[in-house]
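Results of the structural survey
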Amino acid sequence: MGNFIQQFSDRVSIIASDRLWLEDAALQQAKTTSNLPGMHRVVGLPDLHPGRGYPVGAAFFSVGRFYPALVGNDIGCGMALWQTDLLAGKAKLDKMDKQLGNLDELVDDDEWISLEHFDPALTGRVEALSVALRTAGLDTAHLRSLGTIGRGNHFAELQVVDQIECGETLSKTVLAPKCLQLLVHSGSRGLGQAILSGHVDEHGHSGLVEGEPAALAYLRLHDLAVQFAEVNRAVIAARIFRRLRCDAERVLDVNHNTVTPAHIDGRQGWLHRKGATPSDRGLVMLPGSRDDYSYLIEPVADQGALSLHSLAHGAGRKWQRTDCKDRLVRLATPSQLSRTSLGGRVICNDRALIYEEAPQAYKNVDSVLGSLVGAGLARVVYRSKPLLTYKTRGECCE
C-alpha cells in the first residue's frame, strides 16, 4: 500500500503509484494550497492536474475556515448513473443518434409536460428551485439552462457493461448488464459561476471564517447550486429517456465539487472536493476518456481517511486545452475523433471542443484505477465501454 501513497509534506499526500505521471505544476499547487490559513490536510488523487490557481482532482480539509475558490465555479458538478431497459444487443447507433437530436436546445413548455412521465418529481423539484433562487436574490433565468449539459468535460453517455469483476456487489443493485446504462456528467451551469464571481468580487480568494455571516451566506448559495446541479442531471436524463422511448432507474448521483462539514483526524472542519468523488456515498463511477473504458467501483470504507474520504473522478487531463488542437490536428480530423476504437460514437460538433476532449488529452484510466486499487481505497465492480457519447450539436465541424 505504501508504494501508492506519496507523502510530500506533513500536510500533503498524493495517491499515486511511483510510475504514474503527475505534472509538477499540479504538485506545486497542492503544496501552495496546503499553506492557506487553517488548512490541515491536502490529498491529491491519481487524476490530479493543474487548475486555475488550485489543483483539480484533490480534496482539502481545513479547520476554522473554508475556501469557496477551492470548490470553483461549477458547484455541485457530479455524475449520475441510470439503468435503462434498452437491450445492449439491439442498440443501433445511427438510430439512437437521430433520436437524441439536439440536447443543447432549451426545454420548452411542451417538453416539460412530457418529461413528467419519466420523472414525476421533476415539476416539484424545479418549483422548489425557483422559490429558492428568488429567496436568495438570484436570477431565475438560470432555470432556463436546466436539462442542458454544458461544454468542457461534461457529457451524457450510453454505456454497455463489458466485464464483471464482482457479481455479488452487482447483484445488490438494479443494474442489468444486458441493458444499457446512462452516465450523465454535468453541474450547476451558469449559476455556480455567478455564485463564485459574486463571492470573489466581495471577498477575493481569502477564506471565510466559519459561523460568520459571509460564510453562512455562501453556504446557503452553495447548497442551492448543488440542488440545481442534481436537478439538472435528472432533467438531462429524462430528456434522453423520452427521446429513446425507454424507462430507467437511477443507480447513483454524487457531486465532486463541494465543501461540506466533516470530522476528520479527530477534528471538526470543512472538506473541500475539487474534482474528487466522495468515497462515503456508496458506489461511484470512474469514467475514462470517450475512447476508454469506465469503471463502477466500490469504495473500501475503512480506508477512507487516507484519501479524505475521496476518490478520483475520472482519468484526469494530461494536456492543457490550449495545446490539444496543435498536437492533434495533423493526426486526426474531427470526423475521425468522433469514432472510437471501442466501436462507439462521439457527438461533438464543436471543432475546438472535440480536440480539447480527445482521448489523447487524458491519462489512461487504468493507471488511475490501479493507484486507487493499489492503495486499498476501492475495488472494481464492473468495466463498461462507451457506446454513444453526447457532447454538443454546436458549431459544425468538417
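Above: the structure in question.
What counts, and where the lines are drawn
Residues numbered from 1 in each chain as written. Predicted model: local features only at pLDDT ≥ 70, side-chain atom pairs only at ≥ 80, totals over all residues. Heavy atoms only, no water. Helix = DSSP H or I, 4+ residues; strand = E, 2+ residues; numbered from the N terminus. Contact = heavy atoms within 4.5 Å. 1 Å grid on protein atoms, 1.4 Å probe; cavity = no way out; pocket = protein on both sides within 12 Å on 5 of 7 lines; lining within 4 Å. Points joined across faces, edges and corners; volume = space filled by probe spheres on them. Nonpolar A, V, L, I, M, F, W, Y, C, P; charged D, E, K, R; others polar. Core = buried A, V, L, I, M, F, W, Y, C linked by side-chain atoms within 4.5 Å. Buried < 20%, exposed > 50% of the residue type's maximum accessible area, 1.4 Å probe, protein only. Salt bridge = Lys/Arg side-chain N within 4 Å of Asp/Glu carboxyl O. Pairing = 2+ DSSP bridges. Axes fitted to C-alpha atoms, helices over the stretch in contact; angles between N-to-C directions.

Here we take up the environment of Val-235. Structurally, Val-235 is set in helix H8 (residues 213-244). Spatially, the C-alpha atoms of Val-235 and Val-126 are 9.6 Å apart, while their sequence positions differ by 109 residues. Excluding residues within four positions of it along the chain, Val-235 makes contact with Val-107, Trp-112, Leu-115, Leu-122, Leu-146 and Gly-147.

Before going further, it helps to spend a moment on empty space enclosed by the protein. Under the counting rule described, the total for this entry stands at four cavities of 30 Å³ or more. Here the largest cavity is characterised by a volume of approximately 50 Å³. Taken together, Arg-290, Leu-337, Val-346, Cys-348, Ile-354, Glu-357, Ala-358 and Pro-359 form the lining of the largest cavity. Residue composition of the lining of the largest cavity, by class: six nonpolar, no polar and two charged.

Turning our attention to the nonpolar core. If you look at the biggest cluster of nonpolar residues, it comprises 54 residues, and the most contacted ones within it are Leu-81, Leu-286, Tyr-295, Leu-296, Ile-297, Leu-372 and Tyr-382. Ranked by size, the runner-up nonpolar core spans 27 residues in total, among them Leu-115, Val-231, Ala-238 and Val-259.

It is worth spelling out the pattern of salt bridges at this point. On inspection of all chains with the given rule, the structure shows 16 salt bridges. A salt bridge links Asp-94 to Arg-345; its shortest N-O distance comes to 2.9 Å. Remark: Arg-345 occurs in strand E17 (residues 345-348) and Asp-94 occurs in helix H3 (residues 93-100); sequence separation between them is 251 residues. Judged by relative accessible area, which is 57%, Asp-94 ranks as exposed. A salt bridge links Glu-357 to Arg-317; the nearest nitrogen and oxygen atoms lie 3.2 Å apart. Linking Glu-357 in the loop between helix H11 (351-356) and helix H12 (365-374) with Arg-317 in the loop between strand E16 (310-312) and helix H9 (321-328), this pair joins segments that are 40 residues apart in sequence.

Now for the sheet that holds strand E2 (residues 12-15). Paired through backbone hydrogen bonds, the strands of a sheet run either parallel or antiparallel to each other. In space, the six strands of this open sheet follow the order E1-E2-E3-E4-E12-E11, with mixed pairing throughout. Across the chains shown, the open sheet's two edge strands, defined by having one partner strand only, are strand E1 (5-7) and strand E11 (257-264). Each neighbouring strand pair of the sheet contributes to a mean axis angle of 20 degrees, computed without reference to strand direction. Judged from the six bridges that link them, strand E3 (residues 39-49) and strand E4 (residues 56-62) form a sheet pairing that is antiparallel. From the neighbouring strand, His-49 faces E4, where its bridge partner is Val-56. Sheet strands touched by H8: E11 and strand E12 (267-274). Its angle to E11, the strand with the most contacts, is close to 115 degrees.

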